[in-house]
Amino acid sequence: MKLLEERILRDGKVKEGGILKVDAFLNHQMDIDLFEEMADELYRLYVTENVTKILTVEASGIGIACIVGQRFKCPVLFAKKTKTKNIDGAVYSAEVESFTHGTTYKVIVSKDYLLPSDRVLIIDDFLANGAALSGLAKIVNDAGATLVGAGIAIEKAFQPGGEMLRKKGIRIESLARIKSLREDGGIEFC
Ligand code: 5GP
């Protein structure tokens, strides 16, 4: 998506270790006009899929997910991060290794809000190693719901998540795909 690529080039900042900071419009301050354009595109891509639920993970996916939910006119559910070791039977859970923090956390979703009849579109801000998306896909699977696909704002295609999950048969649509992030700040798209 040209508009998002241009915004990344204008306001994105390349950090050490292959991290792209997009706090100016996506991860901290949020540009809702841009989110609306992104949501329109994701709606166009998944409109025929009869999506009944949007699933994301807290916190940075929630903003985009809400606007996407407005397009599909369906509820937006976010997986909560928890440190609790003993998870009770009322939730679906998955372990996620955080790319940006180098730690592992658990995400949970109440069984009340994810049903076998749901057709789920996962939304997230970034796809890197694929841990977050794998965790959410596991939760959808555990619920017996149907995963129609994932809509990602920024895929770092030089990391293995996208390829690994597409090979597993998950449809992934990324609005911007980054081929490389250079130490001098250069950003190249696929
Ligand atoms: P993955 O689980 O695919 O390795 O990483 C996805 C999650 O890590 C995203 O939800 C996002 O919060 C975070 N993330 C991964 N790479 C980046 C990055 O380059 N910049 C920022 N801001 N977040 C990232």
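Residues numbered from 1 in each chain as written. Predicted model: local features only at pLDDT ≥ 70, side-chain atom pairs only at ≥ 80, totals over all residues. Heavy atoms only, no water.

**Some details on the overall build of the chain**
Looking only at helices and strands, the chain has six helices and 10 strands in total. C-alpha atoms of the chain, sized along the principal axes, occupy 50 × 35 × 30 Å. With 190 residues in all, the chain has 47% of them scored as buried. Here the contacts in the chain between residues at least 6 apart in sequence split such that 61% fall between residues at least 24 apart. As displayed, the chain has an accessible area near 9800 Å², and 49% of this comes from carbon and sulfur atoms. (Helix = DSSP H or I, 4+ residues; strand = E, 2+ residues; numbered from the N terminus. Buried < 20%, exposed > 50% of the residue type's maximum accessible area, 1.4 Å probe, protein only. Contact = heavy atoms within 4.5 Å. Areas by Shrake-Rupley, 256 points an atom, 1.4 Å probe, with all protein chains shown as cover.)

**Describing the packing of aromatic side chains**
Applying the stated criterion to the full structure yields one aromatic pair. With a centroid separation of 4.9 Å and 65 degrees between ring planes, the pair formed by tyrosine 43 and phenylalanine 72 is classed as edge-to-face. Residue tyrosine 43 is located in helix H3 (residues 32-46), and its partner phenylalanine 72 is located in helix H4 (residues 62-72); the two are separated by 29 residues in the primary sequence. Taking the relative accessible area as the measure of exposure, phenylalanine 72 reaches 11% and is therefore buried. One cation-aromatic arrangement involves lysine 81 over tyrosine 105; the distance from NZ or CZ to the ring centre is 4.7 Å. (Phe/Tyr/Trp six-rings, centres within 6.5 Å; stacked < 30°, edge-to-face > 60°. Lys NZ or Arg CZ within 6 Å of the ring centre and 35° of its normal.)

**What about the pattern of salt bridges?**
Using the criterion set out here, one finds 19 salt bridges in the structure. The partner of lysine 167 in a salt bridge is glutamate 163, and the shortest N-O contact between them spans 3.4 Å. Placement of both lysine 167 and glutamate 163 in helix H6 (residues 161-167) is noted, with a separation of four residues, approximately one turn of the helix. Side by side, lysine 167 and glutamate 163 carry an identical accessibility label, which is exposed. The partner of arginine 171 in a salt bridge is glutamate 173, with the nearest N and O atoms 2.9 Å apart. What makes arginine 171 partly exposed here is its relative accessible area of 28%. By relative accessible area, which is 21% here, glutamate 173 ends up partly exposed. Several salt bridges share partner residues, and in doing so they unite Arg7, Arg10, Asp11 and Asp31 into one network. (Salt bridge = Lys/Arg side-chain N within 4 Å of Asp/Glu carboxyl O.)

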